Amino acid sequence: MQVRLLGPVDVTVNGQARAISGLRRTALVAALALRAGEVVSADLLTELIWDSRPPPGAGQTLQSHVSQLRRLLGGAAAIRLVPPGYVLDLPGDGTDVGVAQRLIREGTTAPSAAE
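Computed from a prediction, not measured in an experiment: that's the story for all the values here.

A. Highlighting the sheet that holds strand β4 (residues 40-41). A sheet is described by the order of its strands in space; here three strands give the open sequence β4-β6-β5, paired in antiparallel fashion. The open sheet has two edge strands with one neighbour each: β4 and β5 (79-82). Sheet topology places β4 next to strand β6 (residues 85-88); two bridges connect them, and they run antiparallel. Note on β6: the bridge partner recorded for V40 is Y86. Packed onto the sheet, helix α1 (residues 23-34) meets β4, β5 and β6 and runs at close to 75 degrees relative to β6.

Set out below in structure tokens:
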């Protein structure tokens, strides 16, 4: 799975683009992808998705968004429930941000051609 965060947020699964519908689900994918491999608490996700103004029932709505994203991304393993929140496991180059960071590190540690 690859998540692009630089520009419009989108997801590719097994080489196939998957459209994410809805601003809240897009924000959820972005929040989890920026913290790939880490448990992101449901409270923090709720705060991020609803800009610190969650509506009544936001917890249930968050669960619904996670469920819809799991179907889109290929099943329950795509977004794991790990109390107190959720985890999106991605490979090292699972986001375009991760790829950019890796390339920057490689570029700053590579010997220059002038040496």
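Moving on from the coordinates now.
B. How the structure looks around the layout of surface pockets. Estimates place the volume of the largest pocket at around 200 Å³. What lines the largest pocket is a set of 15 residues, among which G92, T95, V97, G98 and Q101 lie closest to the centre. Secondary structure elements with two or more residues in the lining of the largest pocket: α1 and α4 (96-109). Counting residues per element, the lining of the largest pocket draws most heavily on α4, which supplies five residues. For the lining of the largest pocket, the per-class residue count stands at six nonpolar, five polar and four charged.

C. Just the sheet that holds strand β2 (residues 10-13), in detail. Here three strands make up an open sheet; going across it, the order is β1-β2-β3 and the pairing antiparallel. Bordering the open sheet on either side are β1 (2-4) and β3 (16-18), each of which pairs with just one other strand. Averaged over neighbouring strand pairs, the angle between their axes works out to 25 degrees when direction is ignored. Sheet topology note: the β2/β3 ladder contains three bridges and is antiparallel. Bridge pairing in β3 links T12 to A17.

Conventions used here
- Residues numbered from 1 in each chain as written.
- Predicted model: local features only at pLDDT ≥ 70, side-chain atom pairs only at ≥ 80, totals over all residues.
- Heavy atoms only, no water.
- Pairing = 2+ DSSP bridges.
- Helix = DSSP H or I, 4+ residues; strand = E, 2+ residues; numbered from the N terminus.
- Contact = heavy atoms within 4.5 Å.
- Axes fitted to C-alpha atoms, helices over the stretch in contact; angles between N-to-C directions.
- 1 Å grid on protein atoms, 1.4 Å probe; cavity = no way out; pocket = protein on both sides within 12 Å on 5 of 7 lines; lining within 4 Å.
- Points joined across faces, edges and corners; volume = space filled by probe spheres on them.
- Nonpolar A, V, L, I, M, F, W, Y, C, P; charged D, E, K, R; others polar.

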